[in-house]
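# Remarks on the overall topology
What follows is each chain in one-letter form.
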Amino acid sequence: MRIEMAASAGELYETMKVRLGMQVEGATNPRSAVKTATRELVEKLSKIDSNEEIEVSFSEASAAKYVRVLTGEVLAEIPRERNS
């Protein structure tokens, strides 16, 4: 199953900035690949017009994918956390 949604770059930036802060502070501790992808996404979102539309798609098997609707640029693919 694949789920898609859209949000403004500004909304996503604020949300992902909080998640990144939680990771940095140790409140959450995802795998290093997730931390790296989250940090890179926050950096990229900070440079985009806050009103620009970003498409977010979620796949059960893989990742959350963040794509600029205007250009088609993939901003990040954040791996899905696996339950042990």
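A quick note: this is a predicted structure, and the numbers were derived from the prediction, not measured.

### Describing the nonpolar core
The biggest cluster of nonpolar side chains holds 18 residues, and the ones touching the most others in it are L41, L45 and Y66. Of all elements in the fold, only α1 (9-25), α2 (32-45), β2 (53-59), β3 (63-68) and β4 (74-79) reach the threshold of two or more residues within this core. Element by element, the count of residues in this core is highest for α2, at five residues. Setting aside chain neighbours within four positions, we find L45 in contact with A9, L12, Y13, M16, I54 and L75.

### Digging into the pattern of salt bridges
All chains considered together, the criterion is met by three salt bridges. R68 is paired through a salt bridge with E52; the nearest N and O atoms lie 2.7 Å apart. With R68 in strand β3 and E52 in the loop between α2 and β2, this residue pair connects regions lying 16 residues apart in the sequence. Look at R68 and you get buried, because its relative accessible area is 18%. Note that E73 and R68 form a salt bridge whose closest N and O atoms lie 3.3 Å from each other. Here the salt bridges share partners, and the residues they tie into one network are E52, R68 and E73.

What counts and how
Residues numbered from 1 in each chain as written. Predicted model: local features only at pLDDT ≥ 70, side-chain atom pairs only at ≥ 80, totals over all residues. Heavy atoms only, no water. Core = buried A, V, L, I, M, F, W, Y, C linked by side-chain atoms within 4.5 Å. Buried < 20%, exposed > 50% of the residue type's maximum accessible area, 1.4 Å probe, protein only. Helix = DSSP H or I, 4+ residues; strand = E, 2+ residues; numbered from the N terminus. Contact = heavy atoms within 4.5 Å. Salt bridge = Lys/Arg side-chain N within 4 Å of Asp/Glu carboxyl O.

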